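Coordinate analysis (summary)
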Amino acid sequence: MILDLHTHSEASEDSRAPVETYLKWLTKKRELLPIDGIVLTEHRQWNPDVDYRDLEDKYQILILRGAEVETDYGHILVYGVNDDIAQRFDFTNVRLSAQEVVHEVARMGGVAAPCHPGRPTIGLCEHYASRPALDGVVTVEALNGGSRRGENERVQELIDKHGYRSFGGSDSHLVSFVGICATEFEDEVRNIDELVRVLKAGTYRPVDYRDRLKQAA
Amino acid sequence: MSLEFDRSIIGSEFDRTQNDPVTQDEVDAYVAACGEPVAGPGLAPPMFVLALRSERFMPENLPNLGRAAFDAGKDIDLGSPIRVGDRLLSVSTIHEIYEKTGRTGTMRFLVLRTTVTNQDEELVAVIDQKMMFR
């Protein structure tokens, strides 16, 4: 099963991508992008009232939701957001304690996964160079579709040193970027709880479709 | 330093400008300057709405957002077309203030929303003007 674990829709202030248009694009590009589902990880927010089940049914593509929060160790994707997590953290605060996010999200039933770790300022690698490693991190986004040259490459050393699991996501803010990087799971993921479970303990790997798309163009 | 401010300013109106009736000369000048095609006789191109000038460009009651700023773009939702002779009303509010962090550090964004209506109270445009500060 292949999921794009990092996407932004027009709910994020810097994206112009309607969710349904993502699904139309993935349907159209199915042969090149075999994406079974996406996780919407909007910036600095969690809206408990959003419901995409109609779109899931219409396009037969799984739609899960998380959030991308900003911390003193860079940006972190939070999967399994629930009322406890939403009440515990002010998602609009760009100076959240990463250690608290990692520990508390796990304690409250989710998983917090640092994204684009190789990116300057907002990635884990730079912070690890001058500060202690975070306790409790289980997985990091090793492959990010929005990274510049060299940023993804920096992550392997981090993974090797700390034994992190690794996943991929497009970090799409535009429709045509969805699914360019994703994560292939051995297990089936049908809902957010299953995603949290497999991210913590399952088998998965990042997958990159950019060359395939380039060749087809 | 974290951005703290009185959130009651969000949504507050800081400008209300009743524009003079749109003239054909203004439309012609806009078309000549921008090369935007005319939609039809007596109609202004959609982006003509950006040629309107408010009496007050910035609110007076902003928190300290930083010393350097640049235009971070506009989102524009268009409604009824603008016609020669329309009397357009522009109402501007502080729509949002927020922070984000990126490769280059922390940025603060100010979003000013201008709602433009015509003499029939039809919505002509909603313009969100973003400015980035640091």
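See the structure printed just above.
A brief look at the structure comes next.

Thresholds, definitions, all that
Residues numbered from 1 in each chain as written. Chains lettered and ligands numbered in written order. Predicted model: local features only at pLDDT ≥ 70, side-chain atom pairs only at ≥ 80, totals over all residues. Helix = DSSP H or I, 4+ residues; strand = E, 2+ residues; numbered from the N terminus. Rg over C-alpha atoms; globule rule 2.2 N^0.38 Å. Buried ≥ 20, exposed ≤ 12 C-beta atoms within 10 Å, placed from the backbone. Contact = placed C-beta atoms within 7 Å. Pairing = 2+ DSSP bridges. Axes fitted to C-alpha atoms, helices over the stretch in contact; angles between N-to-C directions. Nonpolar A, V, L, I, M, F, W, Y, C, P; charged D, E, K, R; others polar.

1. Quick word on the overall build of chain A
Tallying secondary structure elements over chain A gives eight helices and nine strands in all. Taken over C-alpha atoms, the radius of gyration comes to 16 Å for chain A, in line with the 17 Å a tight globule of 217 residues would show. With the principal axes as the frame, chain A shows a C-alpha extent of 45 × 40 × 35 Å. For chain A, with 217 residues in total, the buried portion stands at 47%. Considering only intrachain contacts with a sequence separation of at least 6, the fraction spanning at least 24 residues in chain A is 73%.

2. A word on helix H7 (residues 192-201) of chain A
In an α-helix there are 3.6 residues to a turn, and that puts residues three or four apart on one side. Looking only at H7 of chain A, the buried set comprises Leu-195, Val-196, Val-198 and Leu-199 of chain A. Along its buried surface, H7 of chain A packs onto strand E3 (62-71), strand E4 (74-79), strand E5 (111-114), strand E6 (139-144), strand E8 (181-185) and strand E9 (204-208) of chain A.

3. Section: the sheet that holds E8 of chain A
All names here are of chain A. Judged by pairing direction, the sheet is mixed, and its seven strands sit side by side in the order E5-E4-E3-E2-E1-E8-E9 without closing on themselves. Every other strand in the sheet has two partners, leaving E5 and E9 as the edge strands with one partner each. Ignoring strand direction, the axes of neighbouring strands in this sheet form an average angle of 30 degrees. The pairing of E4 with E5 spans four bridges and is antiparallel. Residue pairing across strands places Ile-76 opposite Pro-114, the latter belonging to E5. Along the sheet, helix H4 (residues 98-107) makes contact with E3, E4 and E5, crossing E5 at roughly 145 degrees.

4. Focus: the interface of chain B and chain A
Counting residues at the interface gives ten residues for chain B and ten residues for chain A. Secondary structure elements with two or more residues in the side of chain B that touches chain A: strand E3 (89-102) and strand E4 (105-117) of chain B. Per-element accounting of the side of chain B that touches chain A gives the leading share, five residues, to E3 of chain B. Tallied by class, residues from the side of chain B that touches chain A come to one nonpolar, six polar and three charged.

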